[in-house]
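# Descriptive structure summary
Now for the letters of each chain:
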Amino acid sequence: MAKRKEIDNNRGGELKPEESSSEESSSDDDTNMLDVEFEWFDPQPEHDFHGLKTLLRQLFDVDAQSFDLSALADLILAQPLLGSTVKVDGNETDPYAFLTVLNLHEHKDTPVIEKMITYIRAQAKRTGALSELDDLVENAANARIGLVLTERLVNIPSEVVPPMYKMLLEEISWAIEEKEPYDFTHYLILSKTYREIASALDEEDTPKSKKQKKASKKGASEVFYFHPEDEVLQRHALCSGSYEYLVEGAKSDSKRTFQELGIKPEGHMILIVANKFEAAVKGLQEYFSQS
């Protein structure tokens, strides 16, 4: 039977944004906002497979084609008491967000995780800031890494994230008490970032503006976050870094909307030592409670 989760220690609840619509206002300048109630559930094989695949495809961007996303979704759903999904229309609908953790060592012989480990090591080798990660994965006997996968649809607020991390900590604690293999030494969070780059549109006819020239130089170093929680999490990280996708993706102009600059999406990894993970989760709760 599906289990609706709770935000508080009694494990139940909902996040209901402040109502922003007004029946009394008839002004054309007023914007009516939808009042949405979010609910948290355990992952459910009978309902969540296709929704999880969609979110995983979004998480890995153009590199998604490198993985068997069906197998990865099945692996996530095979541990229904660990991790969360977020929905708005009840249990039987597709998830709008999810968070889970997979034991890389426990599943190292599973083809999709074997491919994932190869991918992680390849990206770590290419990214100097992630060199410690490559060493850990190579010497797996000395490290038990929990791979944290999380993604949400673009219009879902960041406030759904801290409850998922809080519940994950509780579930891992319970699993360890039951002698299940979730006693990690490190947590590796896969995410994504982007950089602003000069647009190539009308490049032949129009000289680069000062803003574009500045972006060409600045964009090479400044990283922007699709997920604002990543900025909080990496304050507690052993190492973190962004990397270019292995598969050549769409040009920046295809992701450009009503702005002078294009964007270049990249992958991002955050490695946190287990004894600092709880502090990182508390940092998330404090950050979003103030925003």
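All of these numbers come straight from a predicted model, not from anything done at the bench.

This brings us to the packing of aromatic side chains. Scanning the model with the defined rule gives 11 aromatic pairs in all. Ring centres of Tyr119 and Tyr243 lie 6.2 Å apart, and the angle between their planes is 75 degrees; on these two criteria the pair is classed as edge-to-face. Taken together, the residues span a long stretch of sequence, with Tyr119 in helix α3 (residues 111–126) and Tyr243 in strand β9 (residues 239–243) at a distance of 124 residues. For Tyr243, a relative accessible area of 4% gives the class buried. With a centroid separation of 6.1 Å and 65 degrees between ring planes, the pair formed by Tyr165 and Phe277 is classed as edge-to-face. In this pair, Tyr165 is assigned in helix α5 (residues 161–177) and Phe277 in helix α8 (residues 274–290), connecting sequence segments 112 residues apart. For Tyr165, a relative accessible area of 1% translates into the label buried. Joined through ring pairs, the aromatic side chains of Phe60, Phe67, Tyr119, Tyr243 and Tyr245 make up one cluster. Positioned over the ring face of Phe41 is Lys87, at 5.6 Å from the centre of the ring. In this structure, Lys192 packs its charged tip against the face of Phe226, placed 5.3 Å from the ring centre.

Let's shift gears to the pattern of salt bridges. Scanning all chains against the criterion turns up 11 salt bridges. Residue Lys125 pairs with Asp134 through a salt bridge whose shortest N-O separation is 3.3 Å. For Lys166, the salt bridge is made with Glu170, and the minimal N-O distance between the two is 3.1 Å. Of this pair, Lys166 and Glu170 both sit in helix α5, separated by 4 residues, roughly a single helical turn. Overall, the relative accessible area of 17% leaves Glu170 in the buried class.

By size, the foremost hydrophobic cluster in this structure holds 38 residues, and its most contacted members are Leu56, Phe60, Leu72, Ile120, Leu133, Leu149 and Leu188. For this core, the leading source of residues is α3, giving 7 residues. Not counting residues within four places of it along the chain, the set of residues in contact with Leu72 comprises Leu56, Phe60, Leu102, Val112, Ile113, Met116 and Leu149. Membership of the second largest hydrophobic core comes to 31 residues, among which are Trp40, Tyr165, Leu168 and Ile272.

A few words on the environment of Arg121. Inspection of the secondary structure puts Arg121 in helix α3. Assessed through its relative accessible area of 23%, Arg121 is described here as partly exposed. Spatially, the C-alpha atoms of Arg121 and Ser131 are 9.0 Å apart, while their sequence positions differ by 10 residues. Other than its neighbours up to four places away in sequence, Arg121 contacts Asp134, Val137 and Glu138. In this structure the side chain of Arg121 is engaged in a polar contact, spanning 2.8 Å, whose partner is the side chain of Asp134.

Calculation criteria
- Residues numbered from 1 in each chain as written.
- Predicted model: local features only at pLDDT ≥ 70, side-chain atom pairs only at ≥ 80, totals over all residues.
- Heavy atoms only, no water.
- Phe/Tyr/Trp six-rings, centres within 6.5 Å; stacked < 30°, edge-to-face > 60°.
- Helix = DSSP H or I, 4+ residues; strand = E, 2+ residues; numbered from the N terminus.
- Buried < 20%, exposed > 50% of the residue type's maximum accessible area, 1.4 Å probe, protein only.
- Lys NZ or Arg CZ within 6 Å of the ring centre and 35° of its normal.
- Salt bridge = Lys/Arg side-chain N within 4 Å of Asp/Glu carboxyl O.
- Core = buried A, V, L, I, M, F, W, Y, C linked by side-chain atoms within 4.5 Å.
- Contact = heavy atoms within 4.5 Å.
- Polar contact = N/O pair within 3.5 Å; in protein donor to acceptor, adjacent residues only side chain to side chain.

Distances and angles like these do not, on their own, reveal function.
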